[in-house]
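Observations on chain architecture
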Amino acid sequence: MSPNELVTLFLGEEIFDLTIKESTLYALRNGRQDPQLSREDIAIFIGILVLTSYLTAVNTRFYWQEAADTHNELICQAMTRNRFDTIKRNLHFCSEEDPADRYWKLRPLIKILQVKYMEHFVPQQAISHDEAMIAYFGRHGLKQAIRNKPIRFGFKAWAQNTPDGYLLAFDFYQGRGVAEHTDDNVPLVGKSGATVLDLLEHMKQEFRELPFQFFVDNYFMSIPLMQEMTKRGYDVTGTIRENRIPGTTGLSATKEFRKKERGMHQAVTSRDGNVILVRWQDNAPVTLASTCYGDVPPGKVRRYSRVQKRHVEVDRPHVVGKYNEMMGGTDRMDQNVNHCRIAVKGKKWWWPIFTWLLDTAVHNAWRLYCRAGGTMTYVQFRREYACTILRRWARGSKPMMNRNLAAPGSEAIRFDGMGHIIIKAPSRGTCRKEGCTAKVGTKCVKCAVFLCVNCFAGFHGVAQ
């Protein structure tokens, strides 16, 4: 499947129709003219947003300027500047306010993507649960500040990802007591652990019987969470805080364990054999709990020794290696999304969340593409998608006459079956159909290549 087809699995007609309906109502309710939106308008609008992620301008209007250093022909031919501003000004997704949901302005869009992400999820045994930050520097009650994060200020989302970064379930932190958790989950595992159970509600019914292994950090991990997940048929592994470990486990105190040599570890098992606790001395003591992994078979890890002035091999329990291997799915998604994220800014508080949703949709499409054996990088994938969308609905043919079939998006346009017309060219050239070397004076107005009349249909994949 092409990048455009893969992205359409998530950003398709259902989202386009929702956007058209709610944006039109929003414009009329505010005394504005009917924007007369179409699916093509929304697709081009999203395509322009994606393009800005890898071709950034200080001001969005630069793309439509005539100056040689800022002008973007692809954007100008796909949509006028005023049309882009009209769509952005009237963009809306929900007309019914819900006081119990602080994200009600985006809730319909969020629900559609939650279903789409799970619908196209290819099951993998390991799933990491972590928090993701969406950069925001304005003023809002939902804005969070977290130390030692690449993004320190912004909105917080709970996310479940596969080890390669595919986002299969997510929701947003809403603050204390505002539609934050399913009521039954908090008494079972506490507020932080309840986020894990809440996202499990999005799991497809046919997937719920699969033996998934969840990896979490010490913010979510607790003994009650492990017990509850075991009842549901899932394994859990993660770091755990000192104050969440029962005092009768038999583990040495952290203060005493800190004196041990690097690489030493201690492991204990619960009476029922369902929970294994491992404390390992690295640069500082690290405690992990698991329902499926223990300290054996042991492994090795390289560490720098200040005493010997060189790198040395240090013993590492098996559970530590598994945790490090499987826990980084959410961080990997964050790294990719923030490396190439939509650069257009907006005045509405929910705009950063909206663009994050678009970015995660394209990222998920790319992950599916890679699993199918695709070789394009993430940036190349975004370019291919944006160029295909913008070229498909380009206005007029003159500026497009200079492009060649090696440019991103051209192959997808060649076989899309829309708007291909043969015209008389102002000059003559060699037919581009494979195996034909005739000099002709006709060309395809959309592909902008010379073609014989007899070769026209075959070049576009139509049987003669």
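Analysis parameters
- Residues numbered from 1 in each chain as written.
- Predicted model: local features only at pLDDT ≥ 70, side-chain atom pairs only at ≥ 80, totals over all residues.
- Heavy atoms only, no water.
- Axes fitted to C-alpha atoms, helices over the stretch in contact; angles between N-to-C directions.
- Helix = DSSP H or I, 4+ residues; strand = E, 2+ residues; numbered from the N terminus.
- Parallel < 35°, antiparallel > 145°, perpendicular 65-115°, else oblique.
- Left-handed = near helix turned anticlockwise from the far one by under 90°.
- Contact = heavy atoms within 4.5 Å.
- Nonpolar A, V, L, I, M, F, W, Y, C, P; charged D, E, K, R; others polar.
- Buried < 20%, exposed > 50% of the residue type's maximum accessible area, 1.4 Å probe, protein only.
- Domains from an automatic or database assignment.
- Core = buried A, V, L, I, M, F, W, Y, C linked by side-chain atoms within 4.5 Å.
- Salt bridge = Lys/Arg side-chain N within 4 Å of Asp/Glu carboxyl O.
- Phe/Tyr/Trp six-rings, centres within 6.5 Å; stacked < 30°, edge-to-face > 60°.
- Lys NZ or Arg CZ within 6 Å of the ring centre and 35° of its normal.
- Pairing = 2+ DSSP bridges.
- Expected span 1.5 Å × (residues − 1).

An unreviewed UniProt entry annotates the chain as PiggyBac transposable element-derived protein 3 of Amphibalanus amphitrite.

1. What about the packing of helix α11 (residues 329–339) against helix α12 (residues 351–371)?
Remark: α11 packs on α12, axes separated minimally by 10 Å, with the N-to-C direction vectors making an angle of 110°. Between α11 and α12, the interaxial angle falls into the category roughly perpendicular. Remark: the crossing between α11 and α12 carries right-handed chirality. Counting all contacts with α11, which are made through M333, N336 and V337, the residues of α12 involved are W356, D359, T360, H363 and W366. Split into classes, the residues belonging to the contact of α11 with α12 amount to four nonpolar, three polar and one charged.

2. A few points about unusual backbone geometry
Omega for the peptide link from V296 to P297 comes to 0°, which places this bond in the cis form. Look at Q36: it is not a glycine, yet its phi comes out positive at around 50°. Position of Q36 relative to the elements: it lies in the loop between α2 (13–29) and α3 (39–54).

3. A word on helix α8 (residues 223–231)
Along α8, the residues that are buried comprise I223, L225, M226, E228 and M229. Here the buried face of α8 lies against α7 (185–200), β5 (213–216), β6 (235–239) and β9 (285–290). Backbone geometry just after α8 places G233 at a positive phi near 90°.

4. Concerning the domain arrangement of the chain
Here the chain is partitioned into domain 1 (3–99 + 336–393) and domain 2 (411–460). On a C-alpha basis, the centres of domain 1 and domain 2 stand 31 Å from each other.

5. Considering the nonpolar core
Side chains of a nonpolar character, in soluble globular proteins, are inclined to be buried together. With 107 residues, the main nonpolar core has F172, F354 and W356 as its most contacted residues. Per element, the largest residue contribution to this core is twelve residues, and it comes from α12. Filtering out sequence-adjacent residues up to four positions away, W356 remains in contact with A132, I134, A157, L167, F170, F172, M333 and V337. By size, the runner-up hydrophobic cluster in this structure holds 15 residues, among which are I276, Y323, M326 and M327.

6. What to know about the packing of α7 against α8
Running from amino to carboxyl end, α7 crosses α8 at an angle of 35°, the nearest separation of the two axes being 9 Å. Taken as a pair, α7 and α8 cross one another with a handedness that is right-handed. Across the interface between the two elements, L188, V189, G193, V196, L197 and L200 from α7 touch P224, L225, E228 and M229 from α8. Split by residue class, the contact of α7 with α8 holds eight nonpolar, one polar and one charged.

7. With respect to the pattern of salt bridges
On inspection of all chains with the given rule, the structure shows 18 salt bridges. Between D85 and R61 there is a salt bridge, with the nearest N and O atoms lying 3.1 Å from each other. Here the residue D85 occupies a position in helix α5 (residues 81–90), and R61 occupies one in the loop between α3 and α4 (73–78), the gap between them amounting to 24 residues. Judged by relative accessible area, which is 42%, R61 ranks as partly exposed. D315 serves as the salt-bridge partner of K300, at 2.5 Å between the closest nitrogen and oxygen. Here the residue K300 occupies a position in strand β10 (residues 299–305), and D315 occupies one in strand β11 (residues 310–316), the gap between them amounting to 15 residues. Each of E13, D17 and R39 takes part in one network of salt bridges that share partners.

8. Comments concerning the packing of aromatic side chains
Scanning the entire structure with this criterion turns up 27 aromatic pairs. Plain terms: the ring middles of Y103 and W349 are 6.1 Å apart, the flat faces sit at 55° to each other, and that makes the pair tilted. Of the two residues, Y103 is situated in the loop between α5 and α6 (107–119) and W349 in the loop between α11 and α12; the sequence distance between them amounts to 246 residues. Overall, the relative accessible area of 1% leaves Y103 in the buried class. What makes W349 buried here is its relative accessible area of 19%. Here the aromatic rings of F155 and W349 are separated by 5.9 Å at their centres, their planes lie at 55°, and the arrangement is tilted. With a gap of 194 residues between them, F155 in strand β3 (residues 153–161) and W349 in the loop between α11 and α12 connect regions that are remote in the sequence. For the residue pair F155 and W349, the accessibility class agrees, reading buried in each case. Taken together, the aromatic side chains of F10, Y103, Y117, Y136, F155, F170, F172, W349 and W356 make up a single cluster linked through ring pairs. The positively charged end of R367 is found above the aromatic ring belonging to W366, 4.7 Å away from the centroid. The ring of F450 carries K443 above its face, with NZ or CZ at 4.5 Å from the centroid.

9. Points about the environment of V296
Relative to the helices and strands, V296 is located in the loop between β9 and β10. On the accessibility criterion, V296 (56% relative accessible area) is exposed. Between the C-alpha atoms of V296 and V319, which are 23 residues apart in sequence, the distance is 7.9 Å.

10. Overview of the sheet that holds strand β13 (residues 439–444)
Pairing is antiparallel in the open sheet, where three strands are placed in the order β12-β13-β14. At either end of the open sheet lies a strand with only one pairing partner, and these are β12 (422–430) and β14 (449–450). Examined bridge by bridge, β12 and β13 share five bridges and lie antiparallel to one another. Each residue of the ladder has a partner; that of I422, found in β13, is C444.

11. Some points on α2
If you check α2, its first and last C-alpha atoms are 24 Å apart, about what 17 residues at 1.5 Å a residue would give, namely 24 Å. Those residues of α2 lying buried are I15, F16, L18, T19, I20, E22, S23, T24, Y26 and A27. Within two residues after α2, G31 carries a phi angle of roughly 75°, on the positive side.

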